[in-house]
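The lines below spell out each chain.
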Amino acid sequence: EYMGVFIKKKMGDETHLIGSKLSVVEWLKTAHFHGLDKLFMIIGTCNDQKNSLRLYRLSMNYEPHNQIPEVIKPLELIHSLSLNSRSVTSCQSISVAQDYYGVFTTNDGIIQIFEIAEGQISPKSGQEIKTSDNAIPTSSAICSQTNKCVVSDNIGNIYSYRFESGSWDKIECYSSLGLTGITYKSSGLSYFSCGLNSTLYGWDDRLATSSNPDPILKISPKEKCRMSCVTSHPTLPNILSTGSYEGHVHVWDIRKQTPLFEGKVHNGYVSSVSFDEISPSALLSSSHDGSVCAMLVNENIKQQQLLQQQQQQ
């Protein structure tokens, strides 16, 4: 029941505990904040009455002609935004025209846009929305191609936000059992969300609005399982992966609407699935049973990559 973040030196065993009961860890994904000796990350907490969103800096020492960090220094707290009794349920970030923005959600139904300037996290005034019917936001995703973010909640709604115009839109997907995860495809043209009713939904981001809420795609596995999380492949827009509350992991080809891989790889709730951006055939999953599973789905994925390269050529 005790969670923390540990930073380990490459050549030693020293670790640095920076907190307990952490709910979100998010790297700032932009060179605007990444110097040669600095990395930044946001950490959200769920410590009952002491919740916060924190900005940390991680310094690295580099040897001449060697880009591999030899020593990882302890994290330095740059700024902390107090949230009192509100726990962070998700957090995503984006760089827009040299400015840095993000979205975080809390367990009391608040979806808040924030900005980072001069080392401080600041909620943007008037750029927050409250979920309907006291719903709890479950997941968020940001698309760098369109400068938009989407947030799902546990009663089946999706909230879409445009960073450039500062406008919100609400999309009802009619999933009575609620949505548990959401992700943008690598192409940025559509996003997918999964639910407890064993269904993976897809929307065209150019068409989906409150007046046109119907998904363009619905996929369900043969063996019913309550989906808990979803992620997109970093280079192949037709490949997605989902996890389930029953311990299953699926890798989907949405064009065929069939799984390239399926199996029960955990004995508990799958909390996250993630493709390796450097080696995209590697898929990691984590579970509440305390395990992390690394899978290679390279045969099918390599075939898909070869086909995509041939089509591009």
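Not measured: the values here are computed from a predicted model.

Rules and cut-offs
Residues numbered from 1 in each chain as written. Predicted model: local features only at pLDDT ≥ 70, side-chain atom pairs only at ≥ 80, totals over all residues. Heavy atoms only, no water. Pairing = 2+ DSSP bridges. Helix = DSSP H or I, 4+ residues; strand = E, 2+ residues; numbered from the N terminus. Axes fitted to C-alpha atoms, helices over the stretch in contact; angles between N-to-C directions. Buried < 20%, exposed > 50% of the residue type's maximum accessible area, 1.4 Å probe, protein only. Polar contact = N/O pair within 3.5 Å; in protein donor to acceptor, adjacent residues only side chain to side chain. Contact = heavy atoms within 4.5 Å. Phe/Tyr/Trp six-rings, centres within 6.5 Å; stacked < 30°, edge-to-face > 60°. Salt bridge = Lys/Arg side-chain N within 4 Å of Asp/Glu carboxyl O.

Q: Whenever I open this one, the sheet that holds strand 20 (residues 248-253) confuses me. Can you help?
A: Pairing between the strands of a sheet comes from backbone hydrogen bonds, and it takes one of two forms, parallel or antiparallel. One open sheet accounts for 4 strands, arranged 18-19-20-21; its pairing is antiparallel. Among the strands making up the open sheet, the edge pair consists of strand 18 (227-232) and strand 21 (258-264). Neighbour-to-neighbour, the strand axes of the sheet open up by a mean angle of 15°, direction not taken into account. Relative to strand 19 (residues 239-244), strand 18 is paired through 5 bridges, and the arrangement is antiparallel.

Q: Explain the sheet that holds strand 14 (residues 179-184) to me, please; I cannot follow it from the model alone.
A: One open sheet accounts for 4 strands, arranged 14-15-16-17; its pairing is antiparallel. The open sheet terminates on both sides in strands that have one partner only, identified here as strand 14 and strand 17 (217-219). Pairwise comparison of adjacent strand axes, ignoring direction, gives a mean angle of 20° for this sheet. Where strand 15 (residues 190-195) and strand 16 (residues 200-204) come together, 5 bridges link them in antiparallel fashion. Of the residues in strand 16, the one forming a bridge with Cys 194 is Leu 200.

Q: Would you take a moment to explain the side chain of Ser 232 for this structure?
A: Tracing the chain through its elements places Ser 232 in strand 18. By relative accessible area, which is 15% here, Ser 232 ends up buried. Side-chain polar atoms of Ser 232 contact the side chain of Thr 183, separated by 3.3 Å. Of the polar contacts made by the side chain of Ser 232, one reaches the backbone oxygen of Tyr 184; its length is 2.7 Å. Aside from chain neighbours lying at most four places away, what touches Ser 232 is Thr 183, Tyr 184, Lys 185, Ser 186, Ile 239, Leu 240 and Phe 275.

Q: Hey, could you run me through the packing of aromatic side chains in this one?
A: All chains considered together, the criterion is met by 8 aromatic pairs. Summarising the aromatic geometry, the rings of Tyr 161 and Phe 163 are spaced 5.2 Å apart at their centres and angled 90° between planes, so their arrangement reads as edge-to-face. You'll find Tyr 161 and Phe 163 in the same group, each marked buried. Ring centres of Tyr 245 and Tyr 269 lie 4.6 Å apart, and the angle between their planes is 35°; this geometry places the pair in the tilted category. With Tyr 245 in the loop between strand 19 and strand 20 and Tyr 269 in the loop between strand 21 and strand 22 (270-275), the pair connects residues that are 24 residues apart, well separated along the chain. We classify Tyr 269 as partly exposed; its relative accessible area is 23%.

Q: What is the right way to read the side chain of Ser 132 from this model?
A: Along the chain, the position of Ser 132 falls in the loop between strand 9 (120-130) and strand 10 (137-143). Side chain to side chain, Ser 132 and Lys 170 meet in a polar contact 2.5 Å long. Ignoring anything within four residues of it in the chain, the contact list for Ser 132 reads Ile 155, Asn 157, Tyr 159 and Lys 170.

Q: Looking at this model, I keep getting lost on the pairing of strand 23 (residues 282-287). Mind explaining?
A: Walk down a regular strand and you will see the side chains alternate between the two sheet faces. Counting buried positions along strand 23 yields 5 of 6 residues, so the element is predominantly enclosed. In this sheet, strand 23 lies alongside strand 22 in antiparallel orientation, the contact comprising 5 bridges. Looking at strand 23, one finds that Ser 272 is bridged to Ser 286. The loop that links strand 22 with its antiparallel partner strand 23 comprises 6 residues. Bridge analysis of strand 23 against strand 24 (residues 292-296) gives 5 bridges, and the strand direction is antiparallel. The partner of Ser 286 across the bridge, within strand 24, is Val 292. Where strand 23 folds back onto strand 24 in an antiparallel hairpin, the turn is made up of 4 residues, including Gly 290, whose phi is positive at roughly 90°.

Q: How do you make sense of the pattern of salt bridges when you look at a structure like this?
A: Pairing is possible between side chains that carry opposite charge, provided their charged atoms lie close to one another. This model, assessed by the stated rule, comprises 5 salt bridges. The shortest N-O distance in the salt bridge between Lys 148 and Asp 205 comes to 2.8 Å. With Lys 148 in strand 11 (residues 148-153) and Asp 205 in the loop between strand 16 and strand 17, the pair connects residues that are 57 residues apart, well separated along the chain. Taken as a pair, Lys 148 and Asp 205 share a single burial class, namely buried. The closest approach of N and O atoms between Arg 206 and Asp 204, which form a salt bridge, is 3.0 Å. Look at Asp 204 and you get buried, because its relative accessible area is 12%.

Q: Sorry if this is basic, but what is going on with the environment of His 288 here?
A: Following the sequence through the fold, His 288 ends up in the loop between strand 23 and strand 24. Taking the C-alpha atoms as reference, His 288 lies 6.5 Å from Val 270; in sequence the two are 18 residues apart. Excluding its chain neighbours within four sequence positions, the residues that come into contact with His 288 are Tyr 269 and Ser 271.

Q: It is not clear to me how the environment of Leu 83 should be interpreted in this structure. Could you clarify?
A: Residue placement: Leu 83 occurs in strand 5 (residues 76-84). For Leu 83, a relative accessible area of 5% translates into the label buried. Sequence-wise, Leu 83 and Ser 52 are 31 residues apart; in three dimensions their C-alpha atoms are separated by 4.9 Å. If near-sequence neighbours (up to four positions away) are discounted, Leu 83 is found in contact with Asn 51, Ser 52, Leu 53, Val 88 and Phe 104.

All we've got here are geometric facts, nothing functional implied.
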